[in-house]
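Topology and contacts: notes
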Amino acid sequence: METNGSWLRTRGQRDSGKVSMTELFFDLVFVFAVTQLSHTLLEHLDLGGFLRTSVLFLAVWWLWIFTSWCTNWLNPDTTAVRLLLFALMLGGLVLSSSIPQAFGAAGLAFGLLFAIMQVGRSLFMVRAFRGHREQRDNFLRVALWLLVSGAFWLAGGLMEGQARVLCWCVALGIEYVSPALYFRVPGLGRSRTSDWNVDGAHLAERCMLFVIIALGESLLVTGATFSQLAWTPPTMAAFLAAFLGSVAMWWIYFDSGAEHGSHRIAGSDDPGRIARIAYTYVHLLIVAGIIVCAVADELVLMHPDHATPAGVVAILGGPALYLAGNALFKWLTWDRRFPPLSHLAGLVLLALMAGWAVWAHPSALALGIGTTAVIVIVAVWETRALRRGRAATPIAGS
């Protein structure tokens, strides 16, 4: 019979930090969540839609990254942990299904289920770490913070309109600021980054897999949309631009950044600090950029001749979020004085394109091809700079 002590991974053994099939199975639920988010934004492409979809994305990301932190310690080969992940999968599937109506009829379901999943998983960790006082107290603090935010998730679900948005923004604020405050609780003190002794390679791999999920969803949206359209020169050009853009985005993250970040956190004396900043916070910009790019690709495919103001924001904003997230990630994990020059140049080019869009009102297809060109330029620039730099100093000039 399993005991709570056997629910934990045994660090230091071969393959002890390997991502398990159970974790990969759990991650598949979030393919659906990412798809729901991109479709919801596409259907409500205005300022209010951006705000509401951002709230839902931040919630989904926080649910996933918190679970990834927990499975860093938990042994997924035990029955109790597998049942926990399967229960979270079921909750995540229902939560994802409620996303299109989260600010409508499904608000209470979304808020209540989200709070239950966050608090329930944290209480499971308190039980798992019984006999490990520091870690147990760490997750007890986490659970108390999530109980407070959970009250706002529930209250928001009971309200309507702007009141729901406000309540859920407060809930997100509580959850996102709590790690920065080290989950300080009167009478229980505060956590330390040394309490978050994560297996850096494991957490890095989990985040890489989520990026792959988001990129895969982007390609699925592109392929599904293209299959329903006539193969005219504009749609063929839009399809090719979307595909090349996805490949360049993969190249920017996986050619050097992801591997270097994994080595950096795995070899760090304080992996919890890097995990908190570079993977917990900065990676949400990367994933958000991919989701917005998927929306932009569908817009360009469906309406290549015209771009609304909101469409222009999506077409330019997706690559900007992605480049900004990668620039910060590489800056933090490469110990550089400045972010990569190639990424900063790409952001400048996108800003110039924004000015061009305001002045010349180009077609959506022209903007889509332009943003793809920017992403490809950044990928080629960084790759060539890294190849040259390895002969002298690593990562110089990128």
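Relevant structure appears above.
Because the structure is predicted, anything quoted here is derived from the model rather than measured.

The next point concerns the overall build of the protein. Looking only at helices and strands, the protein features twelve helices and zero strands. For the protein, the α and β elements follow one another from N to C terminus as α-α-α-α-α-α-α-α-α-α-α-α. Taken against the 2.2 N^0.38 rule, which gives 21 Å for 398 residues, the C-alpha radius of gyration of the protein at 21 Å falls within 12% of a compact globule. Projected onto its principal axes, the C-alpha coordinates of the protein cover approximately 65 × 60 × 35 Å. Out of the 398 residues in the protein, the part that is buried amounts to 55%. In the protein, of all internal contacts separated by at least 6 residues, the share reaching a separation of at least 24 is 79%. Entry remark: accessible area of the protein is about 17200 Å², with carbon and sulfur atoms responsible for 68%. Measuring between centres, the 27 positive side-chain charges of the protein sit 8 Å from its 24 negative side-chain charges.

If you walk through the whole model with that rule in mind, you get 28 aromatic pairs. Aromatic side chains W7 and F124 sit 4.9 Å apart centroid to centroid with 15 degrees between the ring planes, which places their arrangement in the stacked category. Of the two residues, W7 sits in the segment before helix 1 (21–43) while F124 sits in helix 4 (residues 107–128), which places them 117 residues apart along the sequence. By relative accessible area, which is 10% here, W7 ends up buried.

Further remarks concern the nonpolar core. Judged by nonpolar contacts, the single largest core of 107 residues is most densely connected at F30, W61, L74, F110, W153, Y253 and Y279. If one sorts the elements of this core by residue count, helix 9 (residues 271–302) sits on top with 15 residues. Aside from chain neighbours lying at most four places away, what touches Y253 is C207, M208, V211, A258, H283, I286, Y322, N326 and F329. Judged by nonpolar contacts, the second largest core, of seven residues, contains V292, L299, A310 and A314.

Thresholds, definitions, all that
- Residues numbered from 1 in each chain as written.
- Predicted model: local features only at pLDDT ≥ 70, side-chain atom pairs only at ≥ 80, totals over all residues.
- Heavy atoms only, no water.
- Helix = DSSP H or I, 4+ residues; strand = E, 2+ residues; numbered from the N terminus.
- Rg over C-alpha atoms; globule rule 2.2 N^0.38 Å.
- Buried < 20%, exposed > 50% of the residue type's maximum accessible area, 1.4 Å probe, protein only.
- Contact = heavy atoms within 4.5 Å.
- Areas by Shrake-Rupley, 256 points an atom, 1.4 Å probe, with all protein chains shown as cover.
- Lys, Arg positive; Asp, Glu negative; His and termini not counted.
- Charge placed at Lys NZ, Arg CZ, Asp CG, Glu CD.
- Phe/Tyr/Trp six-rings, centres within 6.5 Å; stacked < 30°, edge-to-face > 60°.
- Core = buried A, V, L, I, M, F, W, Y, C linked by side-chain atoms within 4.5 Å.

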